[in-house]
Structure formats: C-alpha cells, structure tokens
Amino acid sequence: MLRVDDNVPLPFIVLDAQVGDAEAIAKIHVQCWHEAYSGIIPQSYLDSLNTTERKARWLKVISSGEIVLVATVDEQIVGFVGGLAMRGPYTQAIGEITSLYVLSKHHRTGIGKALFSACKTRLKENRLFPFALWVVEGNDPAIKFYETMGGKNVATKSFELAGKKLDEHLYLYD
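Residues numbered from 1 in each chain as written. Predicted model: local features only at pLDDT ≥ 70, side-chain atom pairs only at ≥ 80, totals over all residues. Heavy atoms only, no water.

### Quick word on the environment of Ala-17
Piece 1. Examined against the element boundaries, Ala-17 turns out to sit in the loop between strand S1 (13-16) and helix H1 (22-37).
Piece 2. Residues Ala-17 and Val-68 lie 51 residues apart in sequence; the distance between their C-alpha atoms is 5.5 Å.
Piece 3. Not counting residues up to four positions away in its chain, the partners in contact with Ala-17 are Ile-25, Ile-62, Val-68, Leu-69 and Val-70. (Helix = DSSP H or I, 4+ residues; strand = E, 2+ residues; numbered from the N terminus. Contact = heavy atoms within 4.5 Å.)

Shown next as structure tokens:
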C-alpha cells in the first residue's frame, strides 16, 4: 500500500496487477479510450473496441511479466499503468510507459501521479531508464499531465487509424 507516512494511508492503493485483474483493466481501457479520445479518434473505431479482445490482450501482458500496476479505491480497480522495454527505433529511451489510464471520475485525486511514479520506479529497477511514452495530439489533458510530470516532447510521428491521419508525440523522461 502506498502511504503518505507510516500512519496515514492514501484513499487508494497501487498494486501489481494479477491475472484476475485483466477484465477490470480491459473495461477501464475501453472506457478511458471513449473518455479521452472522443472527437479525436474516429467514433467508428471507438465503437469497435470491446472488452473481450482487451481482456485477452491484458491476460497475455500480465502473464508475460511486463510491468502492470493497478490503482484501487475501495477494492475496485480505477486505473492502471503498463511499462516495458522501449518498442521501436527511438534510441534515447530504454523503457516505455505503454498505457496509463484512470477513470475520469478519479482524475485529479493523485492516482495518475501515483501510477506514473510507481511505474517509473519499476522501470528504473529493471534498468529501463530513461523512458518515454507516446501521447496522441489533441489529448490535451494527458499532454498537460505528462509535461507536469517532467516529460520533454522530443519527437512526433504520424499514423493512420480508421482512415484518419493522427499525430502522436514522444515524451522523454531522463
């Protein structure tokens, strides 16, 4: 359990994800995509997301030993973060945060910062530092959060999703 000091527990707990958490993570993943990307990513793509496919993906990720942490409030998962070795050719980063999602009703409670910090610690422990993460242009709350957490926008790449050209920015933490 994360604590402010030895006597005062925070109103949430950050834990290692377990295989049994995959369904809750999948539901949060899909819900957060709808919350974060509505109006940015084509609605047809968002509507195609389903928890069954995401659950299978998260079962595989959790079982693989990749970093996956969950935040719980009253024993209910309300957010998660994933990390691993950097994917792709970006050479300044060794590690990568692949996903960080918190249900919108739990924004601005410290949960996102706690998940980010816990994943950063795990990446360092696994010698996956410095690290980076990608964020889709237009997701202004996430961009502001990642900049507040000390990230520097060091690269931009374009990709196509459901027929729409999108840009995403790489934030480096060193």
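### Notes on the sheet that holds strand S2 (residues 67-73)
Piece 1. If you trace the 7 strands from one edge of the open sheet to the other, you get S1-S2-S3-S4-S5-S7-S6, paired in mixed fashion. Sheet topology places S1 and strand S6 (152-161) at the edges, where each strand pairs with a single neighbour. When strand polarity is set aside, the average angle formed by the axes of neighbouring strands in this sheet is 25 degrees.
Piece 2. Direction of pairing for strand S4 (residues 95-102) relative to strand S5 (residues 131-136): parallel, over a ladder of 2 bridges. Paired with Gly-95 across the two strands is Phe-131, which belongs to S5. (Pairing = 2+ DSSP bridges. Axes fitted to C-alpha atoms, helices over the stretch in contact; angles between N-to-C directions.)

### Structural notes on the confidence of the model for the protein
Piece 1. Averaged over all residues, the pLDDT of the protein is 93; the fraction at 70 or higher stands at 94%.
Piece 2. Segment residues 1-9: pLDDT under 50, and 9 contacts once partners within four positions in sequence are set aside and those in other chains are kept. (pLDDT = per-residue confidence, 0-100.)

### Re the pattern of salt bridges
Piece 1. For the coordinates displayed, the defined rule picks out 8 salt bridges.
Piece 2. A salt bridge links Lys-157 to Glu-168; the nearest nitrogen and oxygen atoms lie 3.5 Å apart. A residue pair is termed long-range when its members are at least 10 positions apart, and Lys-157 in strand S6 and Glu-168 in strand S7 (residues 164-173) qualify at 11 residues.
Piece 3. Notably, a salt bridge pairs Lys-165 with Asp-167, separated by 3.6 Å at the nearest N-O pair.
Piece 4. We classify Lys-165 as exposed; its relative accessible area is 59%.
Piece 5. Residue Asp-167 is classed as partly exposed on the basis of its relative accessible area of 21%. (Salt bridge = Lys/Arg side-chain N within 4 Å of Asp/Glu carboxyl O. Buried < 20%, exposed > 50% of the residue type's maximum accessible area, 1.4 Å probe, protein only.)

### Overview of helix H5 (residues 140-148)
The α-helix advances 3.6 residues per turn, and as a result positions three or four apart in sequence lie on the same side.
Piece 1. Of the positions making up H5, those classed as buried are Ala-142, Ile-143 and Tyr-146. Projected down its long axis, H5 shows its buried positions confined to an angular sector of 100 degrees, all on one face. Exposed and facing more than 90 degrees away from the buried side of H5 are Asp-140, Pro-141, Lys-144 and Thr-148.
Piece 2. For H5, the secondary structure elements touched by its buried residues are S4, helix H4 (111-125), S5 and S7.
Piece 3. Backbone geometry just downstream of H5 places Gly-150 in the positive-phi region, at approximately 100 degrees. (Arc of directions from axis to C-beta.)

### Concerning the environment of Lys-55
Piece 1. Mapped onto the secondary structure, Lys-55 falls in helix H3 (residues 51-64).
Piece 2. For Lys-55 and Tyr-90, which are 35 residues apart along the polypeptide, the C-alpha to C-alpha distance reads 29 Å.

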